[in-house]
Amino acid sequence: MNIRLLAKRNIQGNAQRYLAYFFSIVLSVSIFFIYASFIFHPDVVHADIPGGKLISRGLIAAEIVIIIFSVFFIAYSNAAFIQPRKKEFGLLTLLGMSKSQLRKLIYLEQTMVSLISILIGVGLGFLFSKLFLMAISWLLAVEQPISFVFVPEAFIYTIVGFILLFQLLSLFSLFHIGNAEVVDLLKDKQKPKKTPFVSRWLIALSAVCLSISYYLACTLSLNNSYIRVLPIVFFVLIGTYFLFSQSIVALCSRLYRMKKSLYGGTNLITQTNLIFNIKDYSRLFFLTSIITAVILTAAGTLFMFSADLKKQGMDNIPQSIGWIENDASVYSVIEPSAVEKILKEDGFKVLYEVNMTGVPITHLLPHMRTGEPNENRSLLISESDYNNAAALRKIEPAKLSGKEALYIFPYGGLDYQFVHKGEQKELHFGNGTIQVTMVGQRNQSIVAPIKAATTLMVVDDQLYHEITADVPLKEMSRVRGYEVKDWEESMETSSEIEQMSNNHNQLQTRAPIYQEMKQGSILILFIGLFVSLLFFIVQGSMMYLRVFTNLEDKKIQIHALHRLGLTKKEIRQILSAEIRILFFAPFLIGVIHAIVAYVALSNLLESNLFAYSSMVIATYFLFQLLYYQVTKKIYERAVITSIK
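About the cut-offs
Residues numbered from 1 in each chain as written. Predicted model: local features only at pLDDT ≥ 70, side-chain atom pairs only at ≥ 80, totals over all residues. Heavy atoms only, no water. Patch = residues over 30% accessible without salt bridge, like charges linked within 9 Å, V, L, I, M, F, W, Y side chains within 5 Å. Areas by Shrake-Rupley, 256 points an atom, 1.4 Å probe, with all protein chains shown as cover. Salt bridge = Lys/Arg side-chain N within 4 Å of Asp/Glu carboxyl O. Helix = DSSP H or I, 4+ residues; strand = E, 2+ residues; numbered from the N terminus. Pairing = 2+ DSSP bridges. Core = buried A, V, L, I, M, F, W, Y, C linked by side-chain atoms within 4.5 Å. Buried < 20%, exposed > 50% of the residue type's maximum accessible area, 1.4 Å probe, protein only. Contact = heavy atoms within 4.5 Å. Arc of directions from axis to C-beta. Phe/Tyr/Trp six-rings, centres within 6.5 Å; stacked < 30°, edge-to-face > 60°. Lys, Arg positive; Asp, Glu negative; His and termini not counted. Polar contact = N/O pair within 3.5 Å; in protein donor to acceptor, adjacent residues only side chain to side chain. Expected span 1.5 Å × (residues − 1). Axes fitted to C-alpha atoms, helices over the stretch in contact; angles between N-to-C directions. Parallel < 35°, antiparallel > 145°, perpendicular 65-115°, else oblique. Left-handed = near helix turned anticlockwise from the far one by under 90°. Nonpolar A, V, L, I, M, F, W, Y, C, P; charged D, E, K, R; others polar.

### A few points about a nonpolar patch on the surface
There is a patch of nonpolar side chains on the surface, built from I116, I120, L124, L127, F128, L131 and M134 and spanning about 660 Å² of accessible area. Of note, L124 is situated in helix α6 (residues 99-140).

Have a look at this one:
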């Protein structure tokens with residue numbers, strides 16, 4: 001018997017415990033290799049694939065996330081593997097194994113597992129990289145599919161990178177066990193567990209932090225999001241940590257004092273085990289709940305953005321085809337008759353058209369960050385023109401009289417108030433100036449937000465006619481727009497219209513912008529789902545490791561309970577309850593965090609995302625339930641088969 005053979009037999013003996021860890025590492029390596037194969041693909045490097053560089057940057061970001069996540073997961077797993085084997089290491093030391101030999105044994109075990117994981121992960125990644133390239137080719141809609149080639153850089157970066165990562169983390173984990181005394185190793189499991197300490201102040205801190213984070217998230221808007229994101233994350237982390245380390249402990253203690261329910265069925269054993277293990281569980285609960293929140297929020301955001309993309313396109317680009325003529329007396333950008341002819345020839349039905357004139361004006365608006373007044377250009381239009389266009393877009397009409405004015409800002413996601421009700425404002429047009437009273441501001445678009453028509457100033461019809469009475473038509477601007485049926489399919493038509501126009505900067509077509517955003521969002525969703533899947537597997541692996549960490553102790557406890565008269569059915573109830581708490585307590589908190597994030601996202605997009613969020617949460621719950629059932633079956637079989 002030598003140390004190498006002993007390490008090999010230890011791995012075989014702990015195969016059940018290593019299973020989830022091994023699978024997670026293989027998946028991490030496979031995804032990393034597949035992404036690297038695309039990043040270093042010759043066609044991507046030489047920019048032969050349209051959009052390849054953009055995807056490459058997204059994949060590089062995903063690679064960084066995988067590495068960072070792998071560091072935490074491997075470090076956690078190494079600690080989880082070493083902790084329950086301290087008695088074994090103590091016995092080996094007592095039998096004459098030196099500390100250097102013990103370190104070598106642990107190092108060899110972790111190195112063997114890591115090398116096997118890396119080799120299998122790279123092999124699977126190489127096999128499935130062809131499917132990945134085919135999927136990317138389909139998403140990018142390239143004429144020739146991306147060729148499957150051998151990419152040496154992908155092999156080098158993946159193998160060398162993960163070997164270095166494993167080696168560094170393995171060496172780091174050796175210091176803790178190598179410096180421990182024999183007595184500490186032998187008696188580690190014999191140390192009695194104390195009732196966890198509970199602080200009312202920390203419970204209050206948890207409630208305050210979560211309340212602050214939820215309030216900041218639910219009142220999030222586009223103009224304050226960059227300020228609030230970091231505080232939200234900070235308060236969520238602090239609040240969640242003390243929720244599990246303090247609040248949940250207090251709840252378990254309270255349940256423990258409810259004697260009527262405590263003595264019912266197997267509750268005494270389940271709750272006793274829980275209250276004395278909750279301190280050990282709190283760290284796991286914290287990590288898995290945060291991971292759950294991250295997965296649900298990231299996957300939900302990507303899915304919601306992709307599903308809500310059409311509505312966003314219609315909100316931000318009011319008409320399928322729109323343009324502005326700086327000189328309202330002529331059509332210098334494109335003739336409306338030419339647009340109508342192309343639409344008719346291509347079989348597109350015009351649902352409605354917009355044709356309005358306005359006067360370019362200037363006025364002062366506060367800067368979003370400094371608040372200092374800055375000169376701003378807008379298009380002055382009449383109330384009737386605004387209401388006619390608003391009715392076509394099913395927007396509430398304006399109601400003005402006298403010298404009242406309404407400011408129209410085209411981007412609904414930004415709730416910054418540039419003007420306030422009752423504010424007096426001077427409008428400058430040509431050589432004239434007029435003072436109006438603002439009735440407020442609306443963040444919505446009714447015509448193509450281009451050049452002078454980016455923002456609008458709406459005034460009463462009578463006031464508008466007084467202002468424009470002496471303004472020649474050539475000094476006014478004209479806004480035209482056509483809304484067509486099935487505009488999503490008008491890519492070629494839109495391209496043809498753009499080619500016919502004399503000034504692309506004053507013409508806006510919705511279909512090309514929508515298709516570009518759709519393609520980009522699908523690619524991001526495609527990449528994000530891979531990373532989310534990895535996060536989910538790793539989170540499940542952490543719980544799997546926690547379940548099997550104290551397997552031998554659990555076998556001893558269950559064997560003693562069985563001798564006292566507990567049936568196998570009751571033992572299964574105890575085991576199921578313990579695993580159920582491990583899987584679904586952090587899941588519930590993670591879902592609550594994600595729901596708050598969905599509310600914030602709904603506010604940003606100004607859309608009801610309840611249906612989308614429900615689908616994401618339901619899908620995740622089904623995967624979690626499946627993982628729970630598989631782990632429970634394996635765990636029950638491992639424990640109950642030991643009963644004689």
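### A few points about the pairing of strand β3 (residues 373-382)
In this sheet, β3 lies alongside strand β2 (residues 350-366) in antiparallel orientation, the contact comprising eight bridges. By the bridge assignment for β3, I361 is matched with S378. Counting the residues in the hairpin turn of β2 and β3 gives six residues, including G371, whose phi is positive at 80°. In this sheet, strand β7 (residues 456-459) lies alongside β3 in parallel orientation, the contact comprising four bridges. Its bridge partner being in β7, L379 is matched across the sheet by L456.

### Quick look at unusual backbone geometry
One non-glycine residue, K394, adopts positive backbone phi at about 60°. In this fold, K394 is placed in the loop between α15 (383-392) and β4 (404-409). Residues other than glycine seldom take positive phi values, yet D486 does so here, at roughly 55°. Here D486 shows up in the loop between β8 (477-484) and α17 (491-500).

### Brief notes about the nonpolar core
In globular proteins that are soluble, nonpolar side chains generally tend to be buried together. Formed by 97 residues in total, the largest nonpolar core has its most connected members in Y21, Y35, L296, F548, F583 and Y635. Of the residues forming this core, the biggest block, 15 residues, is contributed by helix α20 (residues 568-605). When near neighbours in sequence (up to four residues on either side) are disregarded, L296 contacts T301, G590, V591, A594, Y598, V616, I617 and Y620.

### Points about helix α14 (residues 336-345)
For an α-helix the count is 3.6 residues per turn, leaving residues at separations of three or four pointing the same way. For α14, every residue scored as buried is listed here: P336, A338, V339, I342 and L343. Seen end-on, α14 carries its buried residues on one side only, within an arc spanning 165°. Along α14, the residues that are exposed and aim more than 90 degrees away from the buried face are K341, K344 and E345. Buried residues along α14 sit against β1 (321-325), β2, β8 and α17. Two residues or fewer after α14 comes G347, characterised by a positive phi angle close to 80°.

### Quick word on the pattern of salt bridges
All told, the structure shown has four salt bridges when counted by the stated rule. Of the charged contacts in the structure, one is a salt bridge between E353 and R480, with a shortest N-O distance of 2.6 Å. Pair noted here: E353 is in strand β2 and R480 is in strand β8, with a separation of 127 residues, a long-range link. Close ionic contact of E483 with R510 constitutes a salt bridge, the shortest N to O distance being 3.0 Å. Linking E483 in strand β8 with R510 in helix α18 (residues 510-549), this pair joins segments that are 27 residues apart in sequence.

### Here we look at the environment of L237
Relative to the elements of secondary structure, L237 occurs in helix α10 (residues 225-256). As a C-alpha pair, L237 and S206 span 31 residues in sequence and 9.6 Å in three-dimensional space. Sequence-distant contacts of L237, defined by excluding residues within four places in its chain, comprise F286 and I290.

### A closer look at the packing of aromatic side chains
One pass over the structure, following the stated rule, counts 27 aromatic pairs. Geometrically, the ring pair formed by F150 and F155 is stacked, given 4.9 Å between the ring centres and 25° between the ring planes. Owing to a relative accessible area of 55%, F150 belongs among the exposed residues under this scheme. For F155, a relative accessible area of 18% translates into the label buried. Summarising the aromatic geometry, the rings of F409 and F418 are spaced 5.0 Å apart at their centres and angled 40° between planes, so their arrangement reads as tilted.

### With respect to the side chain of E325
By secondary structure assignment, the location of E325 is in strand β1. R478 provides the closest opposite charge to the buried, salt-bridge-free E325, at an N-O distance of 7.7 Å. Here the side chain of E325 touches V333 through a polar contact of 3.1 Å, landing on its backbone nitrogen. Leaving out residues up to four positions away in the same chain, E325 has contacts with V330, Y331, S332, V333, I334, M476, S477, R478 and Q506.

### What about helix α19 (residues 551-563)?
Taking 1.5 Å per residue as the helical rise, α19 with its 13 residues ought to reach 18 Å, and the 18 Å between its terminal C-alpha atoms agrees with that figure. Along α19, the residues that are buried comprise L551, K554, I558 and L561. All buried residues of α19 lie within an arc of 85° about the axis, which places them on one face of the element. Turned more than 90 degrees off the buried face of α19, the exposed positions are I556 and R563. Two residues or fewer after α19 comes G565, characterised by a positive phi angle close to 125°.

### Examining the pairing of β7
Burial along β7 is two-sided: the face carrying L456 and V458 and the face carrying M457 and V459 are both buried. Here β4 pairs with β7 via four bridges, running antiparallel. Residue pairing across strands places Y407 opposite M457, the latter belonging to β7.

### Examining the packing of α14 against α17
Taken N-terminus to C-terminus, the directions of α14 and α17 make an angle of 155°; their axes are 10 Å apart at the nearest point. On the basis of their axis angle, the class for α14 and α17 is roughly antiparallel. At the point where α14 passes α17, the crossing takes the right-handed sense. Along the contact surface, α14 presents A338, V339, I342 and L343, while α17 presents T493, E496, I497 and M500. The class makeup of the residues in the contact of α14 with α17 is six nonpolar, one polar and one charged.

### Observations concerning the side chain of S445
Inspection of the secondary structure puts S445 in the loop between β6 (432-443) and β7. Given a relative accessible area of 3%, S445 falls into the buried group. Here the side chain of S445 touches D315 through a polar contact of 2.7 Å, landing on its backbone oxygen. Residues contacting S445, with those up to four places away along its chain left out, are D315, N316, P318, R393, I395 and P410.

### Quick word on the packing of α19 against helix α21 (residues 610-640)
For the pair α19 and α21, interaxial distance at closest approach is 9 Å and the crossing angle is 60°. The orientation of α19 with respect to α21, classified from their angle, is oblique. Considering only the axes of α19 and α21, their crossing is right-handed. On α21, the residues that touch L551, K554, K555 and I558 of α19 are Y635, A638 and V639.

### A word on the environment of G430
Within the fold, G430 resides in the loop between β5 (424-429) and β6. Sequence separation between G430 and P360 is 70 residues, and the spatial gap between their C-alpha atoms is 8.4 Å.

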